[in-house]
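# A closer look at the structure
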Amino acid sequence: SSSSSSSTITTTSPSLTACDKETIDRLATDILSRNNDNDNDSDIHDDGKSNGISSQNMKRRIALSKAITLVESKSRKKRLMADMLLDKLRLQSSSSSSSSA
């Protein structure tokens, strides 16, 4: 008599913490943020030279690099965060483009 053991693989989706969701919201806000008139000046170094990058642009670049890292991650949790971030960006950018038309 052969015993048939059915091994079912149960996959549970990773759950996101409140902190993870706040990170997604902050990244989306930083990526989609617009420059203020007060923030158009470039960052000035100690030697008085400008690097040509405003603090708002730097914030956006950092957020984009973090978003790319989430998308490229092999971690299921980080991929879930990436999917949620991309959905949020799609929704926010489509709503802002339709309201500005």
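Keep in mind it's a predicted model, so treat the numbers as computed, not measured. (Residues numbered from 1 in each chain as written. Predicted model: local features only at pLDDT ≥ 70, side-chain atom pairs only at ≥ 80, totals over all residues. Heavy atoms only, no water.)

### What about the pattern of salt bridges?
This is how the line gets drawn: Any Lys or Arg side-chain nitrogen found within 4 Å of a carboxyl oxygen on Asp or Glu counts as a salt bridge. Secondary structure elements follow DSSP: runs of H or I no shorter than four residues count as helices, runs of E no shorter than two count as strands, and numbering proceeds from the N terminus. Categorising residues by exposure relies on relative accessible area from a 1.4 Å probe, with only protein chains included: less than 20% of the type maximum marks a residue as buried, more than 50% marks it as exposed, and the intermediate range marks it as partly exposed.
Evaluated as defined, the whole model comprises 3 salt bridges. Between Asp25 and Lys88 there is a salt bridge, with the nearest N and O atoms lying 3.0 Å from each other. Remark: Lys88 occurs in helix 3 (residues 76–99) and Asp25 occurs in helix 1 (residues 18–32); sequence separation between them is 63 residues. A relative accessible area of 36% places Asp25 in the partly exposed class. Owing to a relative accessible area of 24%, Lys88 belongs among the partly exposed residues under this scheme. Residue Arg90 pairs with Asp87 through a salt bridge whose shortest N-O separation is 2.6 Å.

### Examining the packing of helix 1 against helix 2 (residues 55–72)
Our working rule: To obtain each axis, a line is fitted to C-alpha atoms, and for helices this fit is confined to the stretch in contact; angles are then taken between N-to-C directions over 0 to 180 degrees. Relative orientations are named as follows: roughly parallel for angles under 35 degrees, roughly antiparallel for angles over 145 degrees, roughly perpendicular for angles from 65 to 115 degrees, and oblique for any other angle. Two helices crossing with the near one rotated counterclockwise from the far one by less than a right angle form a left-handed crossing, whereas a clockwise rotation gives a right-handed crossing. We call two residues in contact when some of their heavy atoms are within 4.5 Å.
Where helix 1 meets helix 2, the axes come as close as 8 Å, and the angle between the chain directions of the two elements is 130°. In terms of their interaxial angle, helix 1 and helix 2 are classed as oblique. Note on packing geometry: the crossing formed by helix 1 with helix 2 is left-handed. When helix 1 is examined against helix 2, the residues Leu27, Asp30 and Ile31 are found in contact with a partner set consisting of Gln56, Lys59, Arg60, Ala63, Leu64, Lys66, Ala67 and Leu70.

### Considering helix 1
Side chains three or four residues apart in an α-helix point the same way, a direct result of the helix having 3.6 residues per turn. The condition is simple: Expected helix span is taken as 1.5 Å per residue step, with the number of steps being one fewer than the number of residues. Read the arc as the range of directions from the helix axis to the C-beta atoms.
Here helix 1 spans 21 Å end to end across 15 residues, near enough to the 21 Å set by a 1.5 Å rise per residue. Buried within helix 1 are the following residues: Asp20, Thr23, Ile24, Leu27, Ala28, Asp30 and Ile31. Down the axis of helix 1, the buried set is contained in an arc of 165°. They therefore lie on one face. Across from the buried face of helix 1, at angles greater than 90 degrees, the exposed residues are Ala18, Cys19 and Glu22.

### Some details on the confidence of the model for the protein
Short version of the rule: Per-residue confidence from the predictor is given as pLDDT, running between 0 and 100.
Here the protein averages 81 in pLDDT, while 69% of its residues score no lower than 70. Confidence scores differ between elements of the protein, with helix 3 showing the lowest mean pLDDT of 89 and helix 1 the highest of 96.

### Digging into the nonpolar core
Side chains of a nonpolar character, in soluble globular proteins, are inclined to be buried together. Selection criterion: For the purposes of this section, nonpolar cores are sets of buried Ala, Val, Leu, Ile, Met, Phe, Trp, Tyr and Cys residues that join through side-chain atoms within 4.5 Å.
Leu16, Ile24, Leu27, Ala28, Ile31, Ala63, Ala67, Leu70, Met81, Ala82, Leu85 and Leu89 together form the largest nonpolar core, which totals 12 residues. Only helix 1, helix 2 and helix 3 provide two or more residues apiece to this core. In contact with Ile24, not counting residues within four places along its chain, are Leu16, Met81, Met84, Leu85 and Lys88.

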